[in-house]
Amino acid sequence: MSDLTAAMLERGCKARAAARTLREATPQTRTRALLLLAQKLRGNVEPILAANQRDLDAGRASGMSEALLDRLALNAARVEGIAAAVDIIAGVNDPLGVETERWTAPGNGLDIARVRTPIGVLGIIYESRPNVTADAAALCIRSGNAAILRCGSDCLQSSLAIAALISQALEEAGLPADAVQLVDTPNRAAVGLMLSGLEGAIDLIIPRGGKSLVGRVQAEARVAVLSHLEGMNHTYVHAAADADMARAVVLNAKMRRVSVCGATETLLIDKAVALSLLPLIAADLNTRGCELRGDDAARAIVPDMVPATDEDWATEYLAPIIAVAVVDDIDAAIAHIERHGSGHTEAIVTDDAEAAAIFLNRVDSAIVVHNASTQYADGGEFGFGGEIGIATGRMHARGPVGAEQLTTFKYVVRGQGQTRP
């Protein structure tokens, strides 16, 4: 057995033991750990930023793109945002022990309750966003799950700095530091070991990253997977859209932060308003430095667009680039989304309530939005404090995965001496 294998199996054993303690801890104890973590994040901004600078320097030296550097970069405001998210998670109602339903079974008189309980030990694998270290830890603590975290090598120094504070907060709250463990090696073999389940220690794997990471996890995992796929998001400007609203929503949906998974990657615009509105939207985007790649109909209206290829309709740019298509009507817009979308987030801008209802009902993505930016696809904006990812599958959890979505349930059955005939 290699040293790495032995070390990872030991992590699994420690996580399993810690999960029992965390599950049995009071909500107040878990809340105290979270409040302590937020306090420590605010009190250690300089060490966190120094560690992050080492990651940024290494990223630039390796030729990392500006979009990925933006995802990696921390500053004082972003550290405060991380701490604020932990505070919000601390204030979320503790999901454990909550009865989601209770009834008396007909015929036998049994009192049956469905009660929320932790999943157990989560293996969370993510790439270049160090804030995920704190978000994932906080959500796992709130939901009573132990966690083994494996960040990308590009954010390892930042994540180690944050993980040290997580351990301190857990211990000061009277919880085992092993409840949240960060894999401290960039060796990719550690990922394979996590996907094996560490001899039964890991109950669920959550990947958060690009298509190659998620693909590897889905192909190799020997335990259940809760997938976060790429954000191939669309904003559809309907024929009845308010022009000023459409311009503001599209600009924000694409350009607020191009590197987040909620960014719009394709603009669909109804042919009824394309001639008058598309030049204005294009000018707004161009002014902010966004490249437009259009189909023939879009380029007939705005000739300086780059011609779109088939690949553009299926590309998560995470960059100031947007694909543009003129569509005949709402049916064509929905058909385009069904053909090219990833099931993440889709938006419609319209003042027509009937059209909005059709779109929200027929589009089968995890998040559907009316008259607002796709950039709201974020657990913090949903009131969850943060999220481990946006689940794009259809099983267990869908959309932002917060503390409640990291629980399962058990049935608690109470009788009065019944025996089954």
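As a starting point, this report considers the structure included with it. Quick caveat: nothing in here was measured; it's all calculated off a predicted structure.

## A word on the sheet that holds strand 4 (residues 146-150)
Pairing within the open sheet is parallel, and its five strands lie in the order 5-4-3-6-7. Each having just a single partner strand, strand 5 (180-182) and strand 7 (224-225) make up the two edges of the open sheet. Sheet topology note: the strand 3 (residues 121-126)/strand 4 ladder contains five bridges and is parallel. Counted as the bridge partner of Ile-125 is Arg-150 from strand 4.

## Overview of the nonpolar core
Residues Leu-41, Ile-124, Leu-149, Leu-170, Ile-206 and Ile-388 are the most contacted members of the largest nonpolar core, which totals 58 residues. Among the elements that make up this core, the one with the highest residue count is helix 6 (residues 131-143) (eight residues).

## Describing unusual backbone geometry
Notably, Leu-198 is not glycine yet its phi reads approximately 50°, a positive angle. In this structure, Leu-198 sits in the loop between helix 8 (189-196) and strand 6 (204-208). Taking the relative accessible area as the measure of exposure, Leu-198 reaches 4% and is therefore buried. Backbone geometry at Leu-318 places phi at a positive 50°, although glycine is not the residue there. Relative to the assigned elements, Leu-318 resides in the loop between strand 11 (306-307) and strand 12 (321-327). Leu-318 gets classed as buried once you look at its relative accessible area, which sits at 15%.

## Quick word on the pattern of salt bridges
Scanning the model with the defined rule gives 24 salt bridges in all. A salt bridge links Lys-40 to Glu-172; its shortest N-O distance comes to 2.8 Å. In this pair, Lys-40 is assigned in helix 2 (residues 27-43) and Glu-172 in helix 7 (residues 156-172), connecting sequence segments 132 residues apart. The class of Lys-40 is buried, set by a relative accessible area of 12%. On the accessibility criterion, Glu-172 (43% relative accessible area) is partly exposed. Linked by salt bridges that have partners in common, Arg-30, Asp-94 and Arg-142 make up one network.

## A short note on the environment of Thr-315
Position of Thr-315 relative to the elements: it lies in the loop between strand 11 and strand 12. In the structure, Thr-315 is positioned 169 residues away from Ala-146 in sequence and 35 Å away in space, judged by C-alpha atoms. Not counting residues up to four positions away in its chain, the partners in contact with Thr-315 are Met-232 and Glu-265.

## Re the layout of surface pockets
Approximately 710 Å³ is the volume found for the largest pocket. Arg-129, Asn-131, Arg-256, Arg-257 and Asp-378 are the residues nearest the centre of the largest pocket, which is lined by 32 residues in total. Elements represented by at least two residues in the lining of the largest pocket include exactly helix 4 (66-72), helix 5 (76-91) and helix 6. Top contributing element to the lining of the largest pocket by residue count: helix 5, with six residues. Tallied by class, the residues present in the lining of the largest pocket amount to 12 nonpolar, nine polar and 11 charged. One number sums up the size of the second largest pocket: a volume of about 370 Å³. Counting residues per element, the lining of the second largest pocket draws most heavily on helix 9 (residues 211-220), which supplies three residues. In terms of residue class, the lining of the second largest pocket is made up of five nonpolar, three polar and five charged.

## Observations regarding the environment of Pro-279
With respect to the element layout, Pro-279 can be found in helix 11 (residues 271-287). Expressed as a C-alpha distance, the spacing of Pro-279 and Pro-303, which sit 24 residues apart in the sequence, is 9.9 Å. Residues in contact with Pro-279, not counting those within four places in the same chain, are Ala-274, Ile-301 and Val-302.

## A few points about the environment of Tyr-236
On the secondary structure map, Tyr-236 appears in strand 8 (residues 233-237). Expressed as a C-alpha distance, the spacing of Tyr-236 and Asp-270, which sit 34 residues apart in the sequence, is 7.6 Å. Those residues within four positions of Tyr-236 in sequence are excluded, and the remaining contacts are Leu-268, Asp-270, Val-327, Asp-329, Ile-330, Ala-333, Ala-347, Ile-348, Val-349 and Phe-359.

The rules behind each value
Residues numbered from 1 in each chain as written. Predicted model: local features only at pLDDT ≥ 70, side-chain atom pairs only at ≥ 80, totals over all residues. Heavy atoms only, no water. Pairing = 2+ DSSP bridges. Helix = DSSP H or I, 4+ residues; strand = E, 2+ residues; numbered from the N terminus. Core = buried A, V, L, I, M, F, W, Y, C linked by side-chain atoms within 4.5 Å. Buried < 20%, exposed > 50% of the residue type's maximum accessible area, 1.4 Å probe, protein only. Salt bridge = Lys/Arg side-chain N within 4 Å of Asp/Glu carboxyl O. Contact = heavy atoms within 4.5 Å. 1 Å grid on protein atoms, 1.4 Å probe; cavity = no way out; pocket = protein on both sides within 12 Å on 5 of 7 lines; lining within 4 Å. Points joined across faces, edges and corners; volume = space filled by probe spheres on them. Nonpolar A, V, L, I, M, F, W, Y, C, P; charged D, E, K, R; others polar.

Structural measurements only, silent on function.
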